[in-house]
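Fold and contact review
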Amino acid sequence: MIALSRKPEGIPAKYRGAGLKKAMAALLEAFYANAGAVPFNQQKNLQIWTEAKPNLKLESHDKCAYCEAPTSAVTFGDVEHFRPKSGYWWLAYSYDNYAYACQICNQAFKGDRFDVRAPKLNAPVPLPAKRPAKAALEQLATQLCPDPATSSQASLRALWKGEKAVLPHPYLELPEALMAWQVDEINQEVTLVPVPGSSASKVAVKACEKLLGMNREELRRLRYPQYDRVFSHALVVQEARTEAVRQMAKTRLAAAARDDQPFAGMTRYFLRQWGVLV
């Protein structure tokens with residue numbers, strides 16, 4: 001998992017400004033019509049997040065935002081709700097709550113699970129017991145969900161930090177600082193492990209294992225060929241007899257460490273450990 005950045009210019013109109021207000025008003029209508037149990041699975045018209053997928057895919061470099069495997073290599077990508085819509089229905093249309101994730105991380109593992117170490121986040125404004133008048137309903141709609149056109153990373157951190165989510169947020173944190181990697185040469189696998197001496201890392205890695213399956217066998221094995229290629233180039237950098245060969249290997253290492261490459265976080269970890277590329 002690596003840090004990701006939003007591409008605001010690609011966010012569809014329905015997730016910001018007037019479009020978001022309209023969508024949230026419809027969501028509130030469903031909330032009151034169903035006594036607070038928003039029927040996302042039963043009403044197709046409420047499932048509007050799929051239109052966010054193309055831009056999320058660009059932001060995530062066509063990789064799963066969690067496991068960093070190319071979605072073409074594992075499964076198709078989903079629009080993943082970082083905070084699940086089942087428990088945080090008012091964030092169902094929050095673009096800032098979305099990530100592009102492979103179906104294995106999203107469906108086979110995470111699903112509706114979301115662990116926190118503090119009281120769970122509540123809706124940001126009190127909701128009347130009965131459906132309010134139209135004007136009041138529209139006002140509620142503008143207060144419930146962060147608008148990516150006006151929200152900042154600082155404001156989002158302030159909004160959500162109180163519940164102390166155990167899973168690293170790829171858009172609001174630096175996940176690489178919480179992750180270390182261990183190689184098993186015999187079985188040709190690479191495993192995600194905590195950073196030695198870091199309690200925060202232990203919490204994050206445990207969450208990645210439990211909620212995302214980031215040490216599932218397929219991933220451990222899929223990481224190894226990338227590690228092996230990087231290790232070979234690193235040896236060339238350290239042992240090359242000519243500067244030209246050394247520079248060629250460095251160029252390949254730099255390419256392998258780019259954000260758009262598979263398992264870039266793992267690659268950069270080993271390069272830092274070897275002192276080859278920082």
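For the structure given in this document, a descriptive report is provided here. As the structure is a prediction and not an experimental result, all values here were calculated from the model. For every chain, the first residue of the written sequence is number 1, and numbering continues from 1 onward in sequence order. With pLDDT at 70 or above as the cut-off, local features in this predicted model cover only qualifying residues; side-chain atom pairs require 80 or more to be listed or tallied, and sums for whole chains, interfaces and linings still use all residues. Hydrogens and water molecules were not included; the side-chain quantities draw on all heavy atoms of the structure.

**Thoughts on the overall build of the protein**
Numbering goes from the N terminus for both helices and strands, where a helix is a DSSP run of H or I of at least four residues and a strand is a run of E of at least two. A count of helical and extended segments in the protein gives nine helices and four strands. Reading the secondary structure of the protein in the N-to-C direction produces α-α-β-β-α-α-α-β-β-α-α-α-α. Exposed residues in this analysis have more than 50% of their type's maximum accessible area, buried residues have under 20%, and partly exposed residues fall in between, with area computed by a 1.4 Å probe over protein chains only. With 278 residues in all, the protein has 47% of them scored as buried. A sequence separation of at least 24 residues applies to 72% of the contacts in the protein between residues at least 6 apart. Of the roughly 13600 Å² of accessible surface on the protein, 54% is carried by carbon and sulfur atoms. Only heavy atoms matter for contacts: two residues are in contact if any of them lie within 4.5 Å across the pair. The Shrake-Rupley method, run with a 1.4 Å probe, gives the accessible areas here. Residue values count only the displayed protein chains as cover.

**What about the nonpolar core?**
Formed by 78 residues in total, the largest nonpolar core has its most connected members in Phe40, Tyr66, Trp89, Tyr93 and Tyr98. No other element matches the nine residues that helix H1 (residues 17-33) contributes to this core. Non-local contacts of Tyr93, meaning those with residues more than four positions away in its chain, are made with Tyr15, Leu20, Ala23, Met24, Leu27, Phe40, Leu46, Ile48, Trp49, Tyr98 and Cys145. Only buried residues count toward a nonpolar core. Its members are Ala, Val, Leu, Ile, Met, Phe, Trp, Tyr and Cys residues joined through side-chain atoms within 4.5 Å.

**Considering helix H8 (residues 243-256)**
Along an α-helix, a turn takes 3.6 residues, which lines up residues three or four apart on a common side. In this scheme, a helix's expected span is set at 1.5 Å multiplied by one less than its residue total. Helix length check: H8 (14 residues) gives 20 Å between terminal C-alpha atoms against 20 Å at 1.5 Å per residue, within 8%. Restricting attention to buried positions, one finds in H8 the residues Ala249, Leu253 and Ala256. Buried residues of H8, seen end-on, are gathered within an arc of 60° and therefore sit on one face of the element. Pointing more than 90 degrees away from the buried face of H8 are the exposed residues Ala244 and Thr251. At its buried positions, H8 is contacted by helix H7 (217-239) and helix H9 (264-274). Arc definition: directions from the helix axis to the C-beta atoms.

**Considering the layout of surface pockets**
One number sums up the size of the largest pocket: a volume of about 460 Å³. Contributions of two or more residues to the lining of the largest pocket are made by strand S1 (77-81) and helix H3 (103-110). A per-element tally of the lining of the largest pocket places S1 first, with four residues. Under the grouping applied here, Gly and all other residues not named as nonpolar or charged are polar, the nonpolar ones being Ala, Val, Leu, Ile, Met, Phe, Trp, Tyr, Cys and Pro and the charged ones Asp, Glu, Lys and Arg. Per-class residue counts for the lining of the largest pocket are five nonpolar, eight polar and five charged. Detection works on a 1 Å grid of protein atoms alone, calling trapped sets that fit a 1.4 Å probe cavities and calling open sets with protein on both sides within 12 Å along at least five of seven lines pockets, with lining residues defined by an atom within 4 Å of a point. Grid points are joined across faces, edges and corners, and a volume is the space filled by probe spheres set on the points. Taken as a whole, the second largest pocket encloses approximately 320 Å³ of empty space. As for the second largest pocket, its lining consists of 18 residues, of which Arg117, Lys164, Ala165, Leu167 and Glu173 are closest to the centre. Of all the elements in the fold, those that place two or more residues in the lining of the second largest pocket are helix H5 (153-160) and helix H6 (199-212).

**Some details on the environment of Thr142**
Take Thr142: it is sitting in helix H4 (residues 134-144). Relative accessible area serves as the criterion here: at 41%, Thr142 is assigned to the partly exposed category. The spacing of Thr142 and Gly17 is 125 residues in sequence and 8.9 Å in space, taken between C-alpha atoms. Think of a polar contact as two N or O atoms within 3.5 Å of one another; within protein, one of them needs to be a possible hydrogen donor and the other a possible acceptor, and neighboring residues in sequence only count if both atoms come from side chains. One polar contact links the side chain of Thr142 to the main-chain carbonyl oxygen of Gln139, over a distance of 2.7 Å.

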